[in-house]
Amino acid sequence: STRTRLSFEAAMNRLGGRVIGTENAAQFSSAIKGETLEDTIRIVSGYCDLIVMRHTEIGAAQIAATVAAVPVINAGDGAGEHPTQALLDLYSIQKELGRIDGIRIAMIGDLAYGRTVHSLSYMLTNFKNVHIDFIAPDNVRIPVEVKRYLVEKNVSFEESTDMYAAARGADVVYQTRIQKERFKSMEEYEKASGKYTIDARVLEVMREDAIVLHPLPRAGEIDPAVDRDRRAAYFRQAQNGLYMRMALIAKCLS
Ligand code: NCD
């Protein structure tokens, strides 16, 4: 998205670096002439010290990293992962709540195609006594590979459709957008959309010291009236993205 791109560019600029870039490379670049991702990355990595890449295909960043001569940051690979978002999510939780160990987090929405949820789930396995409630419409439930990893790492989790029950006990309510662009048909999208909205009624059952996060952009799944509640932390979270990306870039280049 434009937002993620701007946040990486702003981070590099603030560190005193410069950026070169292209938007929608798939449509405008050599890819259209049939060049492989590997070749494109080999060329680009000769022009820069770091590559930040967003791609439509799962695994694209992994492929790029194997041929690049410089570090590659995955800024989202299709419905796969979005690790820098997960890092800023963790930073936001730490900053807002003062801890990550021991939290109960309710992840709500499109858990199948929502890559930020995958990365955040994986990263939460590094902390102690975390409990995750996955709340999703039936056709966009959390992928089995994520569940398998959580089991392997002894992270306690539950799947359910009861948003209120999960919100009631949560320290963090992590709402996500239904990823419209990834559905095979409008009919499938319709089955998943509009099921869970964070509004005044949800705030009512939430703890006073809990927070609402969202990777943004939102598309109706958080009532704008929620913004006035001090538990609405998603704009602070977006701001944290800049600081986290500055730290990450500095680390990659030092
Ligand atoms: C997220 C993404 O791209 O996966 N947004 C973002 O990074 N700004 C979430 C989303 O698109 O819903």
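Look a little higher up for the structure.
Heads up: these notes are all about the structure in this document. (Residues numbered from 1 in each chain as written. Predicted model: local features only at pLDDT ≥ 70, side-chain atom pairs only at ≥ 80, totals over all residues. Heavy atoms only, no water.)

Some details on the packing of helix α3 (residues 37-44) against helix α4 (residues 60-67)
Reasoning step 1: At a closest axis distance of 9 Å, the pairing of α3 and α4 adopts a crossing angle of 50°. The angle between α3 and α4 falls in the class oblique. Pair α3 / α4 crosses with right-handed handedness. Contacts between α3 and α4 pair Leu37, Glu38, Ile41 and Arg42 from the former with Ala60, Ile63, Ala64 and Val67 from the latter. (Axes fitted to C-alpha atoms, helices over the stretch in contact; angles between N-to-C directions. Helix = DSSP H or I, 4+ residues; strand = E, 2+ residues; numbered from the N terminus. Parallel < 35°, antiparallel > 145°, perpendicular 65-115°, else oblique. Left-handed = near helix turned anticlockwise from the far one by under 90°. Contact = heavy atoms within 4.5 Å.)

What to know about the site of the ligand
Reasoning step 1: The environment of the ligand is formed by Ser1, Thr4, Arg54, His82, Gln85, Arg115, Thr116, Arg177, Gln179, Pro215 and Leu216.
Reasoning step 2: One nitrogen or oxygen atom from the side chain of Arg54 is found 3.3 Å from an oxygen atom belonging to the ligand.
Reasoning step 3: A distance of 2.8 Å separates an oxygen atom of the ligand from a polar atom in the side chain of Gln179.
Reasoning step 4: If the ligand stood free it would expose 320 Å²; the protein chains cover 95% of that surface. (Near = heavy atom within 4 Å. Polar contact = N/O pair within 3.5 Å; in protein donor to acceptor, adjacent residues only side chain to side chain. Areas by Shrake-Rupley, 256 points an atom, 1.4 Å probe, with all protein chains shown as cover.)

A short note on the nonpolar core
Generally speaking, nonpolar side chains in soluble globular proteins are found buried as a group.
Reasoning step 1: With 26 residues, the main nonpolar core has Ile105, Met107, Leu124 and Ile132 as its most contacted residues.
Reasoning step 2: Of all the secondary-structure elements, those providing two or more residues to this core are α5 (83-97), β3 (104-108), α6 (115-124), β4 (131-135), α7 (144-152), β6 (172-175) and β7 (211-213).
Reasoning step 3: Apart from the residues within four sequence positions on either side, Ile105 is in contact with Ile93, Leu120, Leu124, His131, Ile132, Asp133, Val172 and Tyr174.
Reasoning step 4: In terms of nonpolar packing, the next biggest core, distinct from the first, is built from 20 residues, Ile108, Ile198, Leu203 and Tyr234 among them. (Core = buried A, V, L, I, M, F, W, Y, C linked by side-chain atoms within 4.5 Å. Buried < 20%, exposed > 50% of the residue type's maximum accessible area, 1.4 Å probe, protein only.)

With respect to the pairing of β3
Reasoning step 1: Most of β3 is tucked away: four of the five residues are buried.
Reasoning step 2: Across five bridges, the pairing between β3 and β4 is parallel. Within β4, the residue paired with Arg104 across the bridge is His131.
Reasoning step 3: One crossover worth recording links β3 to the parallel β4 by way of α6, and it is right-handed.
Reasoning step 4: As paired elements, β3 and β6 share four bridges and run parallel to each other. Residue pairing for β6: Ile105 is matched across the bridge by Val172. (Pairing = 2+ DSSP bridges. Right-handed = clockwise from strand over helix to strand, strands pointing away.)

Focus: the packing of aromatic side chains
Reasoning step 1: For the coordinates displayed, the defined rule picks out five aromatic pairs.
Reasoning step 2: Taking 5.7 Å as the distance between ring centres and 70° as the angle between the ring planes, the aromatic pair formed by Phe183 and Tyr189 counts as edge-to-face. Both residues of the pair, Phe183 and Tyr189, belong to the buried class.
Reasoning step 3: Aromatic ring contacts, followed pair by pair, group Tyr113, Phe183 and Tyr189 into a single cluster.
Reasoning step 4: Its end group placed over the ring of Phe8, Arg245 keeps NZ or CZ at 4.7 Å from the ring centre. (Phe/Tyr/Trp six-rings, centres within 6.5 Å; stacked < 30°, edge-to-face > 60°. Lys NZ or Arg CZ within 6 Å of the ring centre and 35° of its normal.)

Comments concerning the pairing of strand β2 (residues 72-77)
On a regular strand, each side chain points to the face opposite its neighbour's, so the side chains alternate between the two faces of the sheet.
Reasoning step 1: Of all six residues in β2, five are buried, a share of seventy percent or more.
Reasoning step 2: Bridge count between strand β1 (residues 51-55) and β2: four bridges; the pairing is parallel. Opposite His55, over in β2, you have Asp77 as the bridge partner.

Digging into the pattern of salt bridges
Reasoning step 1: Under the criterion given, the structure shown has 16 salt bridges.
Reasoning step 2: Between Asp209 and Arg207 there is a salt bridge; the shortest N-O distance is 3.1 Å.
Reasoning step 3: The exposure class of Asp209 is partly exposed, given its relative accessible area of 45%.
Reasoning step 4: Note that Arg218 is salt-bridged to Asp227, the shortest N-O span being 2.7 Å.
Reasoning step 5: Here Asp227 falls in the partly exposed class, since its relative accessible area comes to 29%.
Reasoning step 6: Each member of the salt-bridge network shares a partner with another, and the members are Arg99, Asp171, Arg207 and Asp209. (Salt bridge = Lys/Arg side-chain N within 4 Å of Asp/Glu carboxyl O.)

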